[in-house]
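Here is how the chains run, residue by residue.
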Amino acid sequence: MNQSTPTTFKWLIISSVAYIIISLIAAAVAIQANLPAQPMGEGSGSGRPVLQDFLFGGGTAMSPGLPWLVAQIVLTVLAFCKKGWGTVGVWGLIIFGMLSGIFSLSEPNVRKIFSPASFDLLKAVVQTGVIVLPFVMMVFGFLEWRRRRQG
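Residues numbered from 1 in each chain as written. Predicted model: local features only at pLDDT ≥ 70, side-chain atom pairs only at ≥ 80, totals over all residues. Heavy atoms only, no water.

K.L.:
Sorry if this is basic, but what is going on with the overall build of the protein chain here?
P.N.:
Within the protein chain, the secondary structure is distributed over six helices and zero strands. For the protein chain, the sequential pattern of α-helices and β-strands runs α-α-α-α-α-α. For the protein chain, whose C-alpha radius of gyration is 16 Å, the value lies close to the compact-globule estimate of 15 Å for 151 residues. Its C-alpha atoms give the protein chain principal-axis dimensions of about 50 × 30 × 25 Å. Counting every position in the protein chain, which comprises 151 residues, the buried fraction comes to 41%. (Helix = DSSP H or I, 4+ residues; strand = E, 2+ residues; numbered from the N terminus. Rg over C-alpha atoms; globule rule 2.2 N^0.38 Å. Buried < 20%, exposed > 50% of the residue type's maximum accessible area, 1.4 Å probe, protein only.)

K.L.:
Help me understand the packing of helix H1 (residues 7–33) against helix H3 (residues 66–78), please; the structure alone is not making it clear to me.
P.N.:
Relative placement of two packed helices is described by the angle separating their axes and the distance separating the axes. Taken N-terminus to C-terminus, the directions of H1 and H3 make an angle of 165°; their axes are 11 Å apart at the nearest point. Here H3 runs roughly antiparallel to H1, going by the angle between their axes. Relative to H3, H1 is oriented so that their crossing is left-handed. On H3, the residues that touch Ile13, Ser16, Tyr19, Ile20, Ser23 and Leu24 of H1 are Leu69, Gln72, Ile73 and Thr76. (Axes fitted to C-alpha atoms, helices over the stretch in contact; angles between N-to-C directions. Parallel < 35°, antiparallel > 145°, perpendicular 65-115°, else oblique. Left-handed = near helix turned anticlockwise from the far one by under 90°. Contact = heavy atoms within 4.5 Å.)

K.L.:
What's the story with the nonpolar core in this structure? I'm lost.
P.N.:
Grouped burial of nonpolar side chains is what soluble globular proteins tend to show. In terms of nonpolar packing, the biggest core is built from 15 residues, with Tyr19, Ile22, Ala26, Leu35, Met62, Val126 and Val130 touching the most fellow members. Put simply, the parts of the chain that give this core at least two residues each are H1 and helix H6 (121–150). Top element by residues in this core is H1. It accounts for six residues. In this structure Val130 touches Tyr19, Ile22, Ser23, Ala26, Met62 and Ser104, once residues within four positions along its chain are discounted. Ranked by size, the runner-up nonpolar core spans twelve residues in total, among them Leu75, Ala79, Val90 and Phe96. (Core = buried A, V, L, I, M, F, W, Y, C linked by side-chain atoms within 4.5 Å.)

See the structure below:
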């Protein structure tokens, strides 16, 4: 990216990369603390070890799985393309932002992390990033798509 790169595109890429980084940190924290994903509520996880779920499945209680993050990396790279593939990348990031934000809020672990009784600053900061950054990515993705459509 250089001086002539549009601001909306810069922020879309920054928010996507920041989300990937914070998700990897969240995965490490969740794996260390043995926090499996429970997308449909308590006891709804796959029952596999947390590391295995992160590497091959639905992720952890604090982050999406590695396949999801790899797909987001691909969409982020595609967003650099012009015309068709670039639009696919931008819309993919918009959809990923929306879904990631919603899925992160649906985890029962979120209530535990922000509960005064079990509050942990590291987990709270990381979880906040995992919740907020996808919505930021979604907004900048939409703004970038609109800019490309008008230009």
